[in-house]
Amino acid sequence: MFKRLTVIFFLGVYSFFCPAQQVRPSKSSEIYRELKTLKHLPKVLYLAAHPDDENTGLLSWLINDQNVETSYLSLTRGDGGQNLLGTEQGAALGLIRTHELLEARKLDGARQFFTRAIDFGFSKNTKDTFKQWDADSITADVVWVIRRFRPDVIICRFPPTAAAGHGQHAASAVVAEKAFKLAGDKRAFPNQLKYVDVWQPKRVLWNTFRFGGVNTTSENQLKVIVGQYDAQLGMGYGELAGLSRSLHKSQGAGTQSVAGIRTEYFTQVLGEPAKTSLFDGLVKTWTAKGNSNIDKMLDEVISGFNFNKPALSLPALLVLRKNLSALKDENLRKDKIRALDNIILSCSGFMGEAVTNQAEAVAGDTYNFKLNLISRAENSVTVERVSWLNQSETLNKKLSGDSLITIEHNIQIPADASLTEPYWLAKPAKDAATFSVANDTLIGLPEAESALNVLLTLKIGNERFQVKLPLSFKKLDPVRGDVVEALRIVPALEVKFTQPIYLVKENDDLQLSLNFKLNSNRQFKNGKVNLLFNGERIGGGDVVSISAKDMTINYVITKETLNKINSGRVQLDANYVADDKTYNKKQVLIQYPHLPSLQYFAPATAIIMKGDIQAKVKKVGYVEGAGDFIPEFLRIAGIQVDVLKDEDFYGNADDAGGGAGKLLQYDAIVLGVRANNTEKKLGRWMPFLSSYVKAGGNLVMQYNTNQDVTVNKLGMYDFSIANKRVTEENAVVTFLNPNHKLLNFPNKITAEDFKGWVQERGAYFPDKWDAAYEPLFEMHDTDEEPLQGSTLYARFGKGNFIYTPLAFFRQLPAGNVGAARLFFNFLSAQKN
């Protein structure tokens, strides 16, 4: 473990990582807060399991009121959650949630860390959790973060008990306790000590809570008043917390910004007890540490700080830098000089960016960049040297007078430059619960520092600074204005199937025609395209030259070849081989307005679902909910899918459908996952849907939650949704009525159809329902009571109503044949 060091420390010159694409000065109010934080020595690490688990109100108070450097360590990136924005699941959703956390941290000011743990979905206790997670591996990651960040106080969001409400929540507390005991022990994870020193925090506390009907607070616990108004923010810390938490948009975590003070409660877990304050017994100030001169200098800078002219503080800050450089405590010296350097750059009004008009670049190619530099302070900054990727030049250019200078330069991207993608996705995962990270010293970081930078050597006073400007893409968006994002390195050729899944019916007499695209950023001659199954070529091999950017290749898999492919889920691979290099990756590009463009690469694959898959419907109406793949899946199956809008619900009230109107053209209507939580027009649509069912229609409703509902009565008859779920994807399923039509037409459903499911059987099962409903299945997690709410069926008038919180939205994208057969049965109910 821990293969190489990634942070370089130069004597007299400090290099620091700015995660933004530009280096820009902070606002005066932010500089002022950073100065006060520089004066305080304690650090706090808040620890929980997922994005949006953190107590943003407490984080905001710690940073802005107590001026204490604070970080949030989320064990996972939230990969197993649900997505209210789009169809991304798994690693793609984890990438979205990572950057939502980073956007939240920009507001509340905390730093962000992660471990390699994968969120595999809901678990009910720590026993279930550690069946998936490697406790030693995750503990090592937490120890690494503790040794790297060096917190004095660790605060857990959850206890290690059932009160945590989620097995991963409780597991975060278990791991925190283990890591606290090991972080100061040089015998624990000794390979880490090549790069960091041991560190022993003072204490671990549990931030108790009131969640729903669970109250773990007590008046005899340590109490802290938070939420105070901050004039420099123009709001209270509770209001700031609401804004921060509301950035978890993929989770629908919009939160009220609540004004006014409130009480936070804490109970002791490990270490030295805290009796009056979170910081009891800590060395809090420079004076207490024996450096009263630093305290004095900071007091003078803070008291004399001019919000309109922060550059007036530069002379004193440069003297302070020399004093900090003399500290004997190496870790403290590095930490505080890094923070001070950011303050000095901000006070100088320095802004720098290295930008091109190309969003994507290919290793080995050359692009024109503009280096834009400016300093708002008079004669404060001199650019001594510019180091481009492949050459350096002495500049000795003084930045002054608030005047922008621009230098154009052609930069060749190194031939060995890595593709732009998250470091934790660059290699296949170690297993279903742990990411694989090639460079272990990246563990903990939310993202890796850009490897492609313009390096500036600046002189401010008599001090020198090295500043990295990541190579960036800049454009003027007609709606958003200037958009500056990371330059994305892409392969010279991308290979991608035109659809992710192909359905092949068992014993069908047809061939399979499939297409994949070659998206080229260069011309290729005499390359070969290959279609592979189990590593053997089943198609292609022909010489293909590429002169256009996009090219579509068609291949036909013969009936004889299809007969050799086993039933079930089968993966096909494609590649293009040219100049002794194999291109076999597809780009996954994620773009949402609240996030930067996110990119990673996946193998060029498609899934063949082969089996006795019958569907007796031709036309389906779909009410969109939270993003899911099912409409696309149905279209792949040859079914016409119309996404329903307002105008589709208003037919002639006197027609034969009794108000169902145009809806009767559909063999079935499907409500997407959480439609009752996301589609605010559903209230006025439900009467029409009821009329549709009554007139002979077939309505299939997927799972909903009780959060922010549009319609109180969803079904044709009453049922109540509960937080009941079956998280074990291989849980035994009992058929309550094997002869039921939904289990026999057009596909005969057996236990085989419930094999190979992923992540879970389903969630938010009803726990009570009208006697008119018939439950189809019984299932349960280990050592729990059987649940019968996974699918409810009822006749209503001439039609059928089906409520099914089974996780079809996960199973169908995964290519599960049995889940597809069952879902097609639900759609075909009115045909039987």
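Quick note: structure is the one above.
The following paragraphs examine the structure supplied in this document.

The rules we used
- Residues numbered from 1 in each chain as written.
- Predicted model: local features only at pLDDT ≥ 70, side-chain atom pairs only at ≥ 80, totals over all residues.
- Heavy atoms only, no water.
- Pairing = 2+ DSSP bridges.
- Helix = DSSP H or I, 4+ residues; strand = E, 2+ residues; numbered from the N terminus.
- Contact = heavy atoms within 4.5 Å.
- Axes fitted to C-alpha atoms, helices over the stretch in contact; angles between N-to-C directions.
- Salt bridge = Lys/Arg side-chain N within 4 Å of Asp/Glu carboxyl O.
- Buried < 20%, exposed > 50% of the residue type's maximum accessible area, 1.4 Å probe, protein only.
- Core = buried A, V, L, I, M, F, W, Y, C linked by side-chain atoms within 4.5 Å.
- Phe/Tyr/Trp six-rings, centres within 6.5 Å; stacked < 30°, edge-to-face > 60°.
- Lys NZ or Arg CZ within 6 Å of the ring centre and 35° of its normal.
- Expected span 1.5 Å × (residues − 1).

This paragraph deals with the sheet that holds strand 35 (residues 619–623). Across the sheet, which stays open at both edges, the 7 strands sit in the order 36-35-37-38-45-44-42 with mixed pairing between neighbours. With one partner strand each, in any of the chains shown, strand 36 (640–643) and strand 42 (774–775) form the two edges of the open sheet. Relative to strand 37 (residues 668–671), strand 35 runs parallel, the two being bridged by 4 bridges. When the sheet's bridge partners are listed, Tyr622 is paired in strand 37 with Val670. With respect to the sheet, helix 16 (residues 817–827) is in contact with strand 35, strand 37, strand 38 (698–702) and strand 45 (799–804), its orientation differing from that of strand 38 by roughly 135°.

With that out of the way, let us pick up the pattern of salt bridges. Counted according to the given criterion, the structure contains 37 salt bridges. Residue Arg105 is joined to Glu54 by a salt bridge in which the shortest nitrogen-to-oxygen separation is 3.1 Å. Placement of the pair is Arg105 in helix 3 (residues 90–108) and Glu54 in the loop between strand 3 (43–48) and helix 2 (56–64), with a sequence separation of 51 residues. Across the salt bridge formed by Asp646 and Arg684, the nearest N and O atoms sit 2.7 Å from each other. Residue Asp646 is located in the loop between strand 36 and strand 37, and its partner Arg684 is located in helix 14 (residues 682–694); the two are separated by 38 residues in the primary sequence. Relative accessible area serves as the criterion here: at 18%, Asp646 is assigned to the buried category. Judged by its relative accessible area of 42%, Arg684 is partly exposed. Several salt bridges share partner residues, and in doing so they unite Arg321, Lys322, Asp341 and Glu463 into one network.

Here Phe279 lies in the loop between strand 13 (262–271) and helix 8 (292–303). Residue classification places Phe279 among the buried positions, given a relative accessible area of 6%. Here the alpha-carbon distance between Phe279 and Lys43, two residues 236 residues apart in the chain, equals 9.3 Å. Beyond its immediate sequence surroundings of up to four residues, Phe279 is in contact with Pro42, Val44, Leu62, Gln66, Val68, Arg203 and Lys284.

Strand order in the open sheet formed by 3 strands is 24-26-29, and the pairing between neighbours is antiparallel. With one partner strand each, in any of the chains shown, strand 24 (493–497) and strand 29 (550–557) form the two edges of the open sheet. Neighbour to neighbour, the strand axes of the sheet diverge by 25° on average, direction disregarded. For strand 24 and strand 26 (residues 512–520), the ladder comprises 5 bridges, and the chain directions are antiparallel. Counterpart to Val495 in the pairing with strand 26 is Leu518.

Before going further, it helps to examine the pairing of strand 45. For strand 45, the tally of buried residues reaches 6 of 6 residues, placing the bulk of the element in the interior. Along strand 45, one buried face is formed by Gly799, Phe801 and Tyr803 and the opposite face, lined by Asn800, Ile802 and Thr804, is buried too. Judged from the 5 bridges that link them, strand 38 and strand 45 form a sheet pairing that is parallel. Bridge pairing in strand 45 places Gln702 opposite Thr804. Of the pairings in the sheet, the one linking strand 44 (residues 792–796) to strand 45 comprises 5 bridges and is antiparallel in character. Across the sheet, the residue bridging to Ala794 is Phe801, located in strand 45. Between strand 44 and strand 45, which pair antiparallel and follow one another directly, the connecting turn spans 2 residues, one of which, Gly797, has a positive phi of 60°.

With that out of the way, let us pick up the nonpolar core. In this structure, Phe350, Val454, Leu456, Leu514, Phe516 and Tyr576 are the most contacted members of the largest nonpolar core, which totals 87 residues. Of the residues forming this core, the biggest block, 7 residues, is contributed by helix 10 (residues 330–347). If sequence neighbours within four positions are ignored, Leu514 has contacts with Phe497, Tyr502, Leu531, Ile553, Asn554, Tyr555, Ile557 and Leu572. Met609, Ile639, Phe754 and Phe808 belong to the second-largest nonpolar core, a separate cluster that totals 45 residues.

Once that is clear, we can look at the packing of aromatic side chains. Within a pair of aromatic rings, the relevant descriptors are the distance that separates the centres and the angle that separates the planes. Throughout the structure, instances matching the rule amount to 32 aromatic pairs. For the ring pair Phe524 and Tyr583, a centre distance of 5.4 Å and an interplane angle of 75° mean the geometry is edge-to-face. Of this pair, Phe524 sits in strand 27 (residues 524–533) while Tyr583 is found in strand 31 (residues 581–583), placing the two residues 59 residues apart along the sequence. In this structure Phe524 comes out as buried when scored by relative accessible area, which is 3%. Judged by its relative accessible area of 9%, Tyr583 is buried. Put simply, the rings of Phe735, Phe754, Trp757, Phe777, Phe808, Phe823 and Phe826 touch in pairs and so form one group of aromatic residues. Taking the ring centre of Phe149 as reference, the NZ or CZ of Lys43 above it sits at 4.8 Å.

Moving on: helix 3. For helix 3, built from 19 residues, the straight-helix expectation of 27 Å at 1.5 Å per residue is met to within 8% by its first-to-last C-alpha distance of 27 Å. Burial analysis of helix 3 places 15 of its 19 residues in the buried class, which makes it a mostly covered element. Two residues or fewer after helix 3 comes Gly109, characterised by a positive phi angle close to 90°.

What follows covers helix 7 (residues 237–245). What helix 7 keeps buried is the set Tyr237, Gly238, Leu240, Ala241, Gly242 and Ser244. Lining the buried residues of helix 7 we find helix 2, helix 3, strand 11 (229–230) and strand 12 (235–236).

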